[in-house]
Amino acid sequence: MGTIDDYKYQRDVMVDTQLIPRGISDKRVLDTMRTIPRHLFVPKDYAHSAYNDMALPIGEGQTISQPYMVAVMTEKLALTPECKVLEIGTGSGYQTAVLASLVKEVYTIERIESLSKKAEQILKSLGFKNIHFIVGDGSLGYPDAKPYDRVIITAGAPAIPQPIKEQLAEGGIIVAPVGDRYSQTLVVVRKTKEGFSTEYSTGCVFVPLVGRHGWVS
Ligand code: SAM
């Protein structure tokens, strides 16, 4: 990490033309997205498109999220370096890399084993040591390591799963796309002593959260 590679220029263009003009202003998020080699997280045939303003296929019918969506969700999490984060939907591992660069510890759950293994291999080869990889139904959360300071769901959910609300620490934040199967709204949920508050953000389109507290398949 931190070495100059052939894609450094494309990463800077991505940040300067896709993220900053749309209002992303958290310097830690912007600096991180200037360094994570996104082209390593997509299939080789798509490497040349890795920094384009779009989601891309990663196999198994799943996608790596659009860079802007990764940036918005990360910014809305308001991460601090001490945070313990639960991520539902490892996918390619790109969002995981962004999170793990900004916080102490990340627990990431993926239901498709081959994607989890591929992401683990890339992230370990990049030197990340603060990520725990779990294969399973993330709609149940991951009670073994609760409570979490932040939770990010990177697949579209019909509602925020109840177990995930329960596993969130007081003062914690959940960011998730919530809606129907084909279109959602990014939702930011905050847990306080008094209960939960919800803020609605941008519209978005994610692959479905499939599981006990998600969609059937
Ligand atoms: N953030 C990822 C990235 O940067 O590549 C993209 C994630 S992709 C949009 C959503 C992922 O959520 C898919 O890999 C999908 O298999 C996974 N997923 C869907 N339902 C899940 C569940 N119940 N538990 C864990 N992962 C799930």
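Residues numbered from 1 in each chain as written. Predicted model: local features only at pLDDT ≥ 70, side-chain atom pairs only at ≥ 80, totals over all residues. Heavy atoms only, no water.

Undergrad: Can you lay out unusual backbone geometry for me, pointing to particular residues and giving the numbers?
TA: A cis amide bond, omega 0°, links K146 with the succeeding residue P147. Non-glycine residue E60 carries a positive phi angle of around 60°. By the element assignment, E60 lies in the loop between β1 (56-59) and β2 (62-64). Non-glycine residue A78 carries a positive phi angle of around 45°. (Helix = DSSP H or I, 4+ residues; strand = E, 2+ residues; numbered from the N terminus.)

Undergrad: Give a detailed account of the site of the ligand, specifying residues and quantitative values.
TA: S92, E110, D137, G138 and V210 are the nearest of the 26 residues found near the ligand. Between the ligand and S92, the relevant distance is 2.6 Å, taken from an oxygen atom to a side-chain nitrogen or oxygen of the residue. The side chain of D137 places a nitrogen or oxygen atom 3.0 Å from a nitrogen atom of the ligand. Compared with its free state, where it exposes 600 Å², the ligand has 99% of that area covered by protein. (Near = heavy atom within 4 Å. Polar contact = N/O pair within 3.5 Å; in protein donor to acceptor, adjacent residues only side chain to side chain. Areas by Shrake-Rupley, 256 points an atom, 1.4 Å probe, with all protein chains shown as cover.)

Undergrad: Residue-level account of the packing of aromatic side chains, with values.
TA: Within the structure shown, the criterion is met by 4 aromatic pairs. For the ring pair Y7 and Y51, a centre distance of 5.7 Å and an interplane angle of 35° mean the geometry is tilted. Here Y51 lies in the loop between α2 (27-33) and β1 and Y7 lies in the segment before α1 (8-19), a separation of 44 residues in the sequence. You'll find Y7 and Y51 in the same group, each marked buried. Here F41 and Y94 contribute two aromatic rings whose centre-to-centre distance is 5.8 Å and whose plane-to-plane angle is 70°, an arrangement assigned as edge-to-face. Of this pair, F41 sits in the loop between α2 and β1 while Y94 sits in helix α4 (residues 94-102), and the two are 53 residues apart along the sequence. Relative accessible area serves as the criterion here: at 4%, F41 is assigned to the buried category. Pairwise contacts between aromatic rings join Y107, Y142 and Y148 into one cluster. Looking at R38, its charged tip hangs above the ring of Y94, at a distance of 4.8 Å from the centre. Above the face of the Y148 ring, K84 is positioned so that its terminal group lies 5.6 Å from the ring centre. (Phe/Tyr/Trp six-rings, centres within 6.5 Å; stacked < 30°, edge-to-face > 60°. Buried < 20%, exposed > 50% of the residue type's maximum accessible area, 1.4 Å probe, protein only. Lys NZ or Arg CZ within 6 Å of the ring centre and 35° of its normal.)

Undergrad: Describe in detail α1, supporting the description with residues and values.
TA: Each turn of an α-helix holds 3.6 residues, which means side chains three or four residues apart point in the same direction. When the terminal C-alpha atoms of α1 are compared, their 16 Å separation across 12 residues agrees well with the 16 Å that a helix rising 1.5 Å per residue should span. Taken together, the buried positions of α1 are occupied by R11, M14, V15, Q18 and L19. Looking straight down α1, one finds that the buried residues subtend no more than 110° of arc, so they occupy a single side. Residues of α1 that are buried sit in contact with α2, α3 (67-76) and α4. (Expected span 1.5 Å × (residues − 1). Arc of directions from axis to C-beta. Contact = heavy atoms within 4.5 Å.)

Undergrad: So what about the pairing of strand β6 (residues 148-153)? Which residues, and what values?
TA: By the criterion of burial, β6 is predominantly enclosed, with 5 of the 6 residues buried. Relative to β6, strand β3 (residues 84-88) runs parallel, the two being bridged by 4 bridges. If you follow I88 over to β6, its bridge partner there is I153. This β-α-β element, β6 to helix α6 (residues 162-167) to strand β7 (residues 168-179), shows right-handed connectivity. (Pairing = 2+ DSSP bridges. Right-handed = clockwise from strand over helix to strand, strands pointing away.)

Undergrad: Give a description of the sheet that holds strand β4 (residues 105-110) that names residues and reports values.
TA: With mixed pairing, the 7 strands of this open sheet are ordered in space as β5-β4-β3-β6-β7-β8-β9. This sheet does not close on itself; its edge strands, each paired only once, are β5 (131-135) and β9 (195-204). The sheet shows a mean angle of 15° between the axes of neighbouring strands, direction not considered. The pairing of β4 with β5 spans 5 bridges and is classified as parallel. Pairing of V106 across the sheet is with I131, part of β5. Helix-sheet contacts for helix α5 (residues 113-125) involve β4 and β5, and the interaxial angle to β5 is about 165°. (Axes fitted to C-alpha atoms, helices over the stretch in contact; angles between N-to-C directions.)

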